Every structure is written in C-alpha cells, then in structure tokens.
Amino acid sequence: MTANRQVHTVRVIDSSDERKTADRFLQHIEETFQKVKEEWSVDVAGFASDASGESRAARLALLAKCPWLIVLDCYGHQVNLITGDYLGSGSNLLAVSDQAEELIGWLRRRTFVLARIREIQLTNGKKAAAVLRAVQTRWTSHYHAFKRLLELQPTLGAILAEDRLRGVSTFLVGLRGATQKAKAHEMTSLMQNGTFWHALNRIKLHLEPLAIAANIAQAAHTRLDQVIIVFGFLHYRFSHLPPDIADEAASTAVLQSIEQRWAKSDQAVFIAALILNPVFKLDAFAEQPEFTEGSIKGLLKDIYTRLFREEPPPSFAGDVSHYLNRTSETYERFHANVEDRLKQVGSSTVRSGAC
C-alpha cells in the first residue's frame, strides 16, 4: 500500500504451492482489502498489478465486483511494452541493435579484453566501467547497455590503435580455432565501423525518452497525473523526432503502442488527476474544445460519485469553478501557496546545480 509517497507492506503470501489462477489471485486481493480495512482502518481507493493474463483477469473481476475502485495496469510495465514494440518495429535501423548485443556478449566473454579495457580507462584517469548486457526483464537495460557501449567506443578505439602500433591484436589473444579468430575479426571490423556507431547512437537517442518514462512510471509513489504526462511526453517526442534521428517505422510503432495502451486505460481518472494538479489544471487541454468548464465539472462529479459512492455536496460545482478560475479568496491563497512552493523548489534546484 502507498500513502504519502511511502510504501507499506501489508501482507506477504507464499503462493509457491498454489495454482496461479485469476480466481485465486482475486481471493488474495479481497482478503488483503479486508485486512487493511480491519487492522489499518483504511478504505482502498485503487489497485494496480502487472498486465499478465491471470493478473489482468483478476483485475477485471475485481472491477466488476467493486466498480468504484480505480483499477490500473502497472505503467512501468506498460512503458516497457512500448519499448518492446519499438525494438520489434522492423525498422532497418534496429538491425544494428542485434549487432550491438552480439558485440556486447562477445566482449563480456573475453576476460583478457575486459582487463585491457579497465587498464586503459584507469590509465586515462577514468573510473573503470563494465560492459553492460541488456536483460529483457530490466526495463531500461537496452538503453543503458547501448549507452555504455557508446561510452566505451574511445577505449576500444585506443586498444585497436595500440594493437596496430605493436603488431599484436588484444582481441585475438587466447583464440586458437579458425572459427574463433574469424569471429574476432568480425567484431574488430564492427568496432571500426563508423556507420555502426552512428546508427547505435540514433537508437540510444530513441530509447532515452522511453528510459526516462520507465523510471518515472515504475516509482512506488508515481501519481496518476505523472502517467498521463509521461504518455503525452512520449507521444510528442516520437511525433517530432529531429531529422537526424527520424525513423518512420520506429515512430509509427511507438505511437501505435501508446494509443493502444491509452485506449484501454481508465482515461477519466488520469485526465481528472492532471486537472487537479494546480501546476497544470487545463493547460494541457488548451487546444481541446471539448474541455469546457461544464464538461470538467461533469467529469469531476462522476469521479467523486464513483470514489465516495455518494453525490458531491451542493457547493461542489462552485468549488470546481473557483479552483479553475481562482475566483475566491480561498483558492487565490491556495494558488499563491503553490506558486511560492514552486519558486522554492526552483531556487533549491538551481542551488543544487551550482554546487
């Protein structure tokens, strides 16, 4: 359970001897809800889990039984699925990612080469950096693996240059068979291929916003308004890739993936959460004519009724209007406090950067 940006473990269940079915998972969820109600005096407002088949089926069954709940996918996982759709887009550029992963795997198996990489780094006054491998279950690992390989390019180039001067190849040390030597020549040719490094840098720049999004979405205290901002950020980014890294197939795959995941989401709660963030309110929807004050009041009224299972108080519509327009002393003070806090955070960030 999360509250006030803190994670609280409510219950740990050993399910190793159970069949992993949606019905069984739903039973565990309901028992846990009852536990927090009785022992913590907490009413659960929302529930999130991963998007595997049984988890999703359990969530849908839970929503059918408790339609007032906010029931969500894990959006860290959803961003990872978008990354997977990017990597599987069929873009010609992504053939380079296969070459990069092959090079990474080959380097990691060559302990003598790894020792030379570390030696060159330390000699040049740099901290030793390992060769990283992408792991499918680590959501930002492709980005970090390719970023690290690009950072190691100067070191690999220095080793190749020294080898040419000495007439001995570091990358052939310890290799005996013709097949192993042929693979080493293939990998050293790849390391000297400027087109490979340029294409890999383009892929890294594509993966970077996805890695940022995953880091935001996977946090235990991620808010609903942050998720919709992340989706908007990704949609804008892949709709406006700079010409030097533009790739139609990759962009199309990402945009379609975002649309697919947004279409199946509980859109109303995300939109309401962003509107109720006083930093943004309606700014993000300024170009959407359907977001009138009346429609916003209706949206927020529906969310209130759903969560509290009762009609909002008579002052609700007026309170929403005052909030949106800053037309009462209470809301004027509220917004002034928000603006003061933002200035404090901004000046603190500047001071931290200066240090």
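This structure is a prediction, so every number in the text was calculated from the model and none was measured.

Draft legend 1. Expanded view of the packing of aromatic side chains. Taken as a whole, this structure holds 10 aromatic pairs when the rule is applied. Measuring from ring centre to ring centre gives 6.3 Å for Phe 25 and Phe 47, while their planes differ by 55°; the resulting arrangement is tilted. With a gap of 22 residues between them, Phe 25 in helix 1 (residues 22–40) and Phe 47 in strand 3 (residues 46–49) connect regions that are remote in the sequence. A relative accessible area of 27% means that Phe 25 is categorised as partly exposed. The exposure class of Phe 47 is buried, given its relative accessible area of 16%. Taken together, the ring pairs in this structure connect Tyr 75, Phe 231, Trp 262 and Phe 270 into an aromatic cluster. Over the face of the ring belonging to Tyr 323 we find Lys 281, whose NZ or CZ atom lies 5.4 Å from the ring centre. Between the NZ or CZ atom of Arg 309 and the centre of the ring of Trp 68, over which it lies, the distance is 3.9 Å.

Draft legend 2. Expanded view of the layout of surface pockets. Counted as a void, the second largest pocket has a volume near 710 Å³. As for the second largest pocket, its lining consists of 22 residues, and the residues nearest its centre are Ile 228, Phe 231, Gly 232, His 235 and Ala 284. Counting residues per element, the ones that place at least two in the lining of the second largest pocket are helix 9 (224–239), helix 10 (248–263) and helix 11 (267–275). Broken down by element, the lining of the second largest pocket gets its largest block of residues, 8 residues, from helix 9. Within the lining of the second largest pocket, the residues separate by chemical class into 13 nonpolar, 5 polar and 4 charged.

Draft legend 3. Structural context of unusual backbone geometry. Of note in this structure, Lys 281 is not a glycine but carries a positive phi near 50°. Mapped onto the secondary structure, Lys 281 falls in the loop between helix 11 and helix 12 (293–308). A relative accessible area of 12% places Lys 281 in the buried class.

Draft legend 4. Fine view of the side chain of Ser 141. Tracing the chain through its elements places Ser 141 in helix 6 (residues 141–166). By relative accessible area, Ser 141 is classed as buried at 10%. For Ser 141, the residues in contact, after removing those within four places along its chain, are Arg 133, Ala 134 and Val 135.

Draft legend 5. View of empty space enclosed by the protein. Applying the stated criterion to the full structure yields 1 cavity of 30 Å³ or more. For the largest cavity, the calculated volume is near 50 Å³. As for the largest cavity, its lining consists of Thr 83, Trp 139, Thr 140, His 142, Tyr 143, Leu 207, Leu 210, Ala 211 and Ala 214. Those elements that provide at least two residues to the lining of the largest cavity are helix 6 and helix 8 (194–217). For the lining of the largest cavity, the per-class residue count stands at 6 nonpolar, 3 polar and no charged.

Calculation rules
Residues numbered from 1 in each chain as written. Predicted model: local features only at pLDDT ≥ 70, side-chain atom pairs only at ≥ 80, totals over all residues. Heavy atoms only, no water. Phe/Tyr/Trp six-rings, centres within 6.5 Å; stacked < 30°, edge-to-face > 60°. Helix = DSSP H or I, 4+ residues; strand = E, 2+ residues; numbered from the N terminus. Buried < 20%, exposed > 50% of the residue type's maximum accessible area, 1.4 Å probe, protein only. Lys NZ or Arg CZ within 6 Å of the ring centre and 35° of its normal. 1 Å grid on protein atoms, 1.4 Å probe; cavity = no way out; pocket = protein on both sides within 12 Å on 5 of 7 lines; lining within 4 Å. Points joined across faces, edges and corners; volume = space filled by probe spheres on them. Nonpolar A, V, L, I, M, F, W, Y, C, P; charged D, E, K, R; others polar. Contact = heavy atoms within 4.5 Å.

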